[in-house]
Amino acid sequence: MAAITVNAGWPVVKKGEKLTQIYMVQSGEVSMQIGLGEAKLGKNSIIGIMTEEWFLCNYNALTDVVLVPIACRTPQEIKRLLASKSNYRAAFLNAAVAQRHQVLTVYFNIHKQTKDFCDMINRLYDSYQTYCLKTGLDEQPFQKMASLEPFELKHRAEDWEVANSNAIISKHLTDYLRFMQQDDALCVAAIMEAGRQQRRVIQGCDEMTTYLNTNKDMLLSDNNNDLFYLFFELAVRASRNNLDISTLTASLDEMCTYIKSSGLYDPSLVKTRLSQYEGYDFSNAAGGSFNTEIDIANEDCVTHILTFAGYDLVEMQEIKNDIETYKALPDRMSTESDVYSLRRRITAKFYEIYEKVFFNTFVPGLEITPIIKMFLNFGFMDVELAGKEHSYELLDLTSKLDMFSSENVYTIYAWLKAILEGRKEPSKNEFDLDYFENLLDRRKSGDLTMEQVEEYKTKQDEKVRFEIQNLFQSGNKITYGRVTTFFPILCGEEMYNTALKMAVKAQDIADSFRYIRDIDYSLFFRDVQFAGNGLGLMENERMQQEILPDVILMPIVGTKANMWQEIAGKRSNTPGRYVFPIFTGMELNELMVETCGRFRWELCRRIQGVHWNDIRDKSLTAEYCDYLQFYRKNRELSAEGKEKIKTTLQQCRNSYREVFVKDYINWIKFEAVGSFRINKVSRGILTRYCPFPAKIRAELKSNPVYQNAFNKLEIGQQQSIKRYTTLYNKFEELGGTITEQMKENLLYYEM
């Protein structure tokens, strides 16, 4: 393929992207981002040599870079390439060995930083407690220490691996490269071994980076709930009592040095917090001012939130009275009519408060405090309801909101903000009407005039209100999991673990998506129009493109997830929308598999339109409906199998979709590992429409149950690969450039 030029400062490959090809650096320099560290790749380095299916790192161009794409992903492809192009042997092997050494160096540095951080935290806290004990000063509570997890790694580099790499690079590189190049098998094995080591070590670097980013606010946070504040506050009290504070200031100086040099903290936060200490006169502590943070346990959080929302005293007292009544209930989960009515009244007020608070966060001059962030993102309102310990945990999470955010994962506040700013359109309501259709429906009913419809079409604040009234309210209740006892304000009794452990983070969602995509690779692929460039070839071609759904995290402790809509608008290439609770004790993969099963069904219905259950137009939904409608006459099913289908239909209230979802869950969890859980007919349908990737097919192919179906699938794939390869070659001959869309389409048929 033709060389690719990437300008300095631009991304080359993003972490999590599918591996369609690897790249050799012909000129320039590329930064390989490994957790908190970086490796620099120069000429003849190979981007993606350690990758299996997904890129593990971000790669950015440090200078203008020229890359040579190489269609090579598996050991078999590497072996064929090295057999046909022997001049690549030295380049591939040298790149693999050199990059492994760079990755191990980064690993060593991050490992040392992580270990030093843990040792420092424990040592500092011990010295804090010792000083308080010796001087008789009160020790301030610091609950974060109880939640500090031991530093343990799942993916680690062994000492012998580091020593081996050091020895090869520093002493025996020339001899090693010469020896390994003598035989293709040795050469490929050495490359793959180095690649696998890199992969594991990079995963270890990511683990350590996550650990540091998760726990860094133990040392310094934006809400003063940290060791730096503990020592600073203790030093002020000790100086006022004329005690020796030299050990405290020595510890503070040590923390300052670490904070400035670690690269973990926002520079503006560092400047604000450290300048207060560095400019503080301890010799005049009795009269000096010291900025102490209000303890959330002693803060009237409900009043704080309602004041920010703009309620007057009378309205505020009415809301507070209802909340106090609810707090005093002997059984908050009661379904008695008076308790049910109280919950409904508070629930209605909650969304009214949320709307007011949301819009006020954009009013200049109003400070968005941690309590407001807790309310907007987690549904927190009251310390007694949430529990003191959980309240402090939520307070800590306000400084880690980035962990709930990615390109396709949003907190409800971030989602509503995206709608307000015009980056997203509102979701459909429970009647399957989008925002504009709802306006027209309201006009028909007389609620709006045509002039108001035209005005509201472009009013972003009205779009936000529509989203709060529909997706937010319904999604919150659905993800909670128990409709009859639903209560939107966060309650501590729902949280049987720490907030951090129950939190659904963006990385958790990404990992769960990857788990399913590794089994059902075609799950998020859509048949979309090719974006041609006027060459006259393939202008009407349809291609496969993967489009991940948006995930909106509801501010609730819940047990359910939901596929809200399969596409975002009228166009088929828009992402679907899932809603998940932001805190859950459920296994996330379990929730995701069930949600993706419903997504599979509803997307097929959307694409097929009125023919979704017409067997003459074969599709997943049509074949499943035909199978379930006429299962009694199906000769491929045993009497026992038919009875089982009857029972399942009764359990699913005759919903064909829900029967499919049950089978889909078994398909992903059990059939993919060779454990048969579904009948022959449903297995045949799922094999056709939710096929396993080549790696799983290879493991199952020896079983006669799968042989015919897999053979048919692979014949069809090879035909498509041949067809598109021919088209792409003609396209390039006409002067066209192979786009990412075209690469992804070909990759789809190669999986």
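Scope of this entry: the structure provided in the associated data block. Just so it is clear, the model here is predicted, and its values are computed rather than measured.

What counts and what doesn't
- Residues numbered from 1 in each chain as written.
- Predicted model: local features only at pLDDT ≥ 70, side-chain atom pairs only at ≥ 80, totals over all residues.
- Heavy atoms only, no water.
- Helix = DSSP H or I, 4+ residues; strand = E, 2+ residues; numbered from the N terminus.
- Rg over C-alpha atoms; globule rule 2.2 N^0.38 Å.
- Buried < 20%, exposed > 50% of the residue type's maximum accessible area, 1.4 Å probe, protein only.
- Contact = heavy atoms within 4.5 Å.
- Areas by Shrake-Rupley, 256 points an atom, 1.4 Å probe, with all protein chains shown as cover.
- Lys, Arg positive; Asp, Glu negative; His and termini not counted.
- Charge placed at Lys NZ, Arg CZ, Asp CG, Glu CD.
- Phe/Tyr/Trp six-rings, centres within 6.5 Å; stacked < 30°, edge-to-face > 60°.
- Lys NZ or Arg CZ within 6 Å of the ring centre and 35° of its normal.
- Expected span 1.5 Å × (residues − 1).
- Polar contact = N/O pair within 3.5 Å; in protein donor to acceptor, adjacent residues only side chain to side chain.
- Pairing = 2+ DSSP bridges.
- Axes fitted to C-alpha atoms, helices over the stretch in contact; angles between N-to-C directions.
- Parallel < 35°, antiparallel > 145°, perpendicular 65-115°, else oblique.
- Nonpolar A, V, L, I, M, F, W, Y, C, P; charged D, E, K, R; others polar.
- Salt bridge = Lys/Arg side-chain N within 4 Å of Asp/Glu carboxyl O.
- Patch = residues over 30% accessible without salt bridge, like charges linked within 9 Å, V, L, I, M, F, W, Y side chains within 5 Å.
- Core = buried A, V, L, I, M, F, W, Y, C linked by side-chain atoms within 4.5 Å.
- Left-handed = near helix turned anticlockwise from the far one by under 90°.

**Examining the overall build of the chain**
At step 1: Each helix and strand in the chain was counted, giving 28 helices and 14 strands.
At step 2: In terms of C-alpha radius of gyration, the chain reaches 30 Å, essentially the compact-globule figure of 27 Å for 751 residues.
At step 3: Taking the principal axes of the C-alpha coordinates as reference, the chain spans close to 80 × 80 × 55 Å.
At step 4: Out of the 751 residues belonging to the chain, those deemed buried represent 52%.
At step 5: Across the chain, contacts joining residues at least 24 apart in sequence account for 72% of those joining residues at least 6 apart.
At step 6: Per element, the accessible surface of the chain, about 35,500 Å² overall, is 49% carbon and sulfur.
At step 7: Each charge class in the chain was averaged separately, 91 positive and 102 negative side chains, and the resulting centres sit 7 Å apart.

**Here we look at the packing of aromatic side chains**
At step 1: Going through the model one piece at a time under the given rule, you end up with 49 aromatic pairs.
At step 2: Ring geometry for Y624 against F660: centres 5.3 Å apart, planes inclined by 85°, an arrangement best described as edge-to-face. Here F660 lies in helix α24 (residues 656-669) and Y624 lies in helix α22 (residues 620-629), a separation of 36 residues in the sequence. Grouping residues by exposure puts Y624 and F660 together as buried.
At step 3: On the basis of an interplanar angle of 15° and a centroid distance of 5.0 Å, the ring pair of Y706 and F710 is categorised as stacked. You can see Y706 and its partner F710 sitting in helix α27 (residues 704-733), 4 residues apart, about one turn around the helix.
At step 4: Ring pairing ties together the aromatic residues Y521, F525, Y724, Y728, Y748 and Y749, which thus form one cluster.
At step 5: One Lys or Arg, R683, reaches over the ring of F676 and ends 4.8 Å from the middle of that ring.

**Re α27**
Structurally, the α-helix is built with 3.6 residues per turn, so residues lying three or four positions apart point the same way.
At step 1: Spanning 30 residues, α27 covers 44 Å between terminal C-alpha atoms, matching the ideal 44 Å at 1.5 Å per step.
At step 2: On its buried side, α27 packs onto β11 (542-546), α24, α25 (680-689), α26 (694-700) and α28 (740-750).
At step 3: The N-cap residue of α27 is N703: its side-chain oxygen and the backbone nitrogen of V705 are 2.9 Å apart.

**Side note on the environment of T210**
At step 1: With respect to the helices and strands, the residue T210 is situated in helix α5 (residues 184-215).
At step 2: Placed 297 residues apart in sequence, T210 and Q507 show a C-alpha to C-alpha distance of 9.9 Å.

**Description of the sheet that holds strand β3 (residues 22-27)**
At step 1: Taken in spatial order, the 4 strands make up an open sheet running β1-β8-β3-β6, and their pairing is antiparallel. If you trace the sheet from one side to the other, it starts and ends with β1 (4-6) and β6 (46-47), each paired once.
At step 2: In this sheet, β6 lies alongside β3 in antiparallel orientation, the contact comprising 2 bridges. Paired with M24 across the bridge in β6 is I46.

**Points about the sheet that holds strand β14 (residues 577-584)**
At step 1: Reading across the sheet, the 4 strands line up as β9-β12-β14-β13 and stay open at both edges, with mixed pairing between neighbours. Both edges of this open sheet fall to β9 (409-411) and β13 (562-565), since each of them pairs with a single strand only. Sheet twist, expressed as the average angle between the axes of neighbouring strands with direction ignored, equals 35°.
At step 2: Relative to β14, β13 runs antiparallel, the two sharing 3 bridges. Residue N562 lies in a different strand from β14, and its bridge partner there is V579.

**Comments concerning the packing of helix α2 (residues 88-135) against helix α4 (residues 159-180)**
At step 1: Across the interface, α2 lies against α4 with an axial gap of 10 Å and an inter-helix angle of 170°. By the angle between their axes, α2 is roughly antiparallel relative to α4. Residue-level inspection shows L93, N94, V97, A98, R100, H101 and L104 of α2 in contact with α4, the latter providing E161, V162, N164, S165, N166, I168, I169, L173, Y176, L177 and M180.
At step 2: Per-class residue counts for the contact of α2 with α4 are 11 nonpolar, 5 polar and 2 charged.

**A word on the pattern of salt bridges**
At step 1: Enumeration over the complete set of coordinates arrives at 49 salt bridges.
At step 2: The partner of E658 in a salt bridge is R657, and the shortest N-O contact between them spans 2.9 Å.
At step 3: Its relative accessible area of 18% is what places E658 among the buried residues.
At step 4: Put simply, E594, R598, E602, R657 and E658 are held in one network by salt bridges that share partners.

**A word on a nonpolar patch on the surface**
At step 1: There is a patch of nonpolar side chains on the surface, built from F436, L440 and M450 and spanning about 220 Å² of accessible area.
At step 2: On the accessibility criterion, F436 (36% relative accessible area) is partly exposed.

**Considerations on the nonpolar core**
At step 1: Counting 122 residues, the largest nonpolar core has I353, Y354, Y578, F580, F583 and Y664 as its most contacted members.
At step 2: For this core, the element with the most residues is helix α11 (residues 337-360), which contributes 10 residues.
At step 3: With near-sequence residues (within four places) excluded, Y664 lies in contact with I516, D520, L523, V593, C596, G597, R600, L686 and C690.
At step 4: Among the nonpolar cores identified, the runner-up in size contains 58 residues, and Y23, F55, A157 and A194 belong to it.

**Considerations on the environment of I556**
At step 1: Summarising the element assignment, I556 is placed in strand β12 (residues 550-558).
At step 2: Between the C-alpha atoms of I556 and G475, which are 81 residues apart in sequence, the distance is 9.9 Å.
At step 3: The contacts of I556, once residues within four sequence positions are left out, are F378, N476, T479, Y480, F486, F487, P488, P581, I582 and F583.

**Quick look at the packing of α11 against helix α12 (residues 370-378)**
At step 1: It is at 11 Å that the axes of α11 and α12 come closest, and there the two elements cross at 125°. Considering the angle they form, α11 stands oblique to α12. Crossing hand, α11 versus α12: left-handed. Residues F350, I353, Y354, V357 and F358 of α11 form the contact with α12, whose own contacting residues are I372, F375 and L376.
At step 2: Residues that form the contact of α11 with α12 fall into these classes: 8 nonpolar, no polar and no charged.

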